[in-house]
Amino acid sequence: MSKLVTVKDLLVQEIKDLFSAENQLTHALPKMAEGASDPELKKGFENHLKETEVQMERLEKVAELLDASPRGKACEAMKGLVKEGEEALKEDADPDLKDLALIIAAQKVEHYEIAGYGGARALAEAMQMNKVVELLQATLDEEGKTDQKLTEIASRILAGTKKSAD
Ligand code: FE
Ligand code: FE
Ligand code: FE
C-alpha cells in the first residue's frame, strides 16, 4: 500500500475499494436472484445487477477524472458480506424465510455501499470536484432506493407469514 498524502489519494483508494465491491456484487447478484422465490425480490436483484454494472462504469469515469485506475484493491468487507449472502442461499429454510434471510444479507451490502459512497462523496465535495460528486450521488441514490425497496418487500413477506401463522 502506498502512502496517502492528499485527500485525493484517499479518494482514489476509496474508489478502488468501491469498484472491487461492485465487481464482486456482479457475481453475487445473479445467484441471489436465482435463490429468491418471491418474484418481486427476484426481479429486484436482477434490476440491481443492471444498476451495479452502470455503477461500475460511473466509478471508471470517476477514476478517469482523478487520473487513476479503479483497479488494484480488493474490498475485504464485501468478500465477507458476499459470504454471508452465500450462507443465506444455502440455508435449509421455508421459501419466505430464505427470502427474508436474502433480504437481510442484501441490505447489509447496501448499507456498506451507502457508507462507502457517502464518505467518498464528502471527500469529492471538499475537493470541489462537482462532476465526481454528481456521479457518486447518482449511485448513492440507487443504493438508497434499493435498500428501501428491500424493506418494502420484507414487510410484505412478513405480513403474509404472520397471516399464515394465525
Ligand atoms: Fe452498488
Ligand atoms: Fe471495502
Ligand atoms: Fe447496491
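Residues numbered from 1 in each chain as written. Chains lettered and ligands numbered in written order. Predicted model: local features only at pLDDT ≥ 70, side-chain atom pairs only at ≥ 80, totals over all residues. Heavy atoms only, no water.

Tetrahedral coordination by four donors sets the ideal angle at the metal to 109.5 degrees; octahedral coordination by six donors sets it to 90 or 180 degrees. All of the protein donors around the iron ion (ligand 1) are Glu22 (OE), Glu22 (OE), Gln55 (OE1), Glu113 (OE) and Glu143 (OE); their distances to the metal are 2.1 to 2.3 Å. One chain supplies every donor for the iron ion (ligand 1), spaced along it as E-x32-Q-x57-E-x29-E. The metal-metal distance between the iron ion (ligand 1) and the iron ion (ligand 3) comes to 3.1 Å, with Glu113 coordinating both. Residue Gln55 is located in helix H2 (residues 39–65), and its partner Glu113 is located in helix H4 (residues 95–126); the two are separated by 58 residues in the primary sequence. Judged by relative accessible area, which is 0%, Gln55 ranks as buried. (Donors = N, O, S within 2.8 Å, 3.2 Å for Na, K, Ca; no water. Helix = DSSP H or I, 4+ residues; strand = E, 2+ residues; numbered from the N terminus. Buried < 20%, exposed > 50% of the residue type's maximum accessible area, 1.4 Å probe, protein only.)

A word on the layout of surface pockets. As a volume, the largest pocket reaches approximately 390 Å³. Surrounding the largest pocket, 27 residues form its lining, Leu29, Gly44, Phe45, His48 and Thr146 being those nearest its centre. At the level of elements, helix H1 (7–35), H2, helix H3 (76–90), H4 and helix H5 (130–165) are the ones that each hand at least two residues to the lining of the largest pocket. Of all the elements, H2 adds the most residues to the lining of the largest pocket, at seven residues. Here the lining of the largest pocket is composed, by residue class, of 13 nonpolar, five polar and nine charged. (1 Å grid on protein atoms, 1.4 Å probe; cavity = no way out; pocket = protein on both sides within 12 Å on 5 of 7 lines; lining within 4 Å. Points joined across faces, edges and corners; volume = space filled by probe spheres on them. Nonpolar A, V, L, I, M, F, W, Y, C, P; charged D, E, K, R; others polar.)

Our focus in this paragraph is H1. Here H1 is 29 residues long and its end C-alpha atoms lie 41 Å apart, about the 42 Å a rise of 1.5 Å per residue gives. At His27, H1 is deflected by roughly 35 degrees, the largest bend along its length, and proline Pro30 occurs up to four residues later in sequence. (Expected span 1.5 Å × (residues − 1). Bend = angle between axes of the 7 residues up to and from the residue.)

Where side chains of opposite charge bring their charged atoms close, a pairing between them can arise. Under the counting rule described, the total for this entry stands at 12 salt bridges. Across the pair Glu142 and Arg58 runs a salt bridge, and its minimum N-O distance is 3.0 Å. On the criterion of sequence distance, the pair formed by Glu142 in helix H5 and Arg58 in helix H2 is long-range, its members being 84 residues apart. For Glu142, a relative accessible area of 16% corresponds to the buried category. Because the salt bridges share partners, they merge into one network encompassing Asp38, Glu40, Lys149, Glu152 and Arg156. (Salt bridge = Lys/Arg side-chain N within 4 Å of Asp/Glu carboxyl O.)

Another aspect to go through is the environment of Leu123. With respect to the secondary-structure elements, Leu123 resides in helix H4. Residue contacts for Leu123: discarding those within four places in its chain leaves Val7, Leu10, Leu11 and Glu14. (Contact = heavy atoms within 4.5 Å.)

Before going further, it helps to examine the coordination of the iron ion (ligand 2). Every protein donor of the iron ion (ligand 2) is listed here as Asp17 (OD), Asp17 (OD), Cys75 (SG) and Tyr112 (OH), and their distances to the metal cover 1.8 to 2.5 Å. Motif for the iron ion (ligand 2), donor spacing along one chain: D-x57-C-x36-Y. One end of the pair, Asp17, is in helix H1; the other, Tyr112, is in helix H4, with 95 residues separating them in the sequence. The class for Asp17 is buried, based on a relative accessible area of 8%. Judged by relative accessible area, Tyr112 falls into the partly exposed class, the value being 26%.

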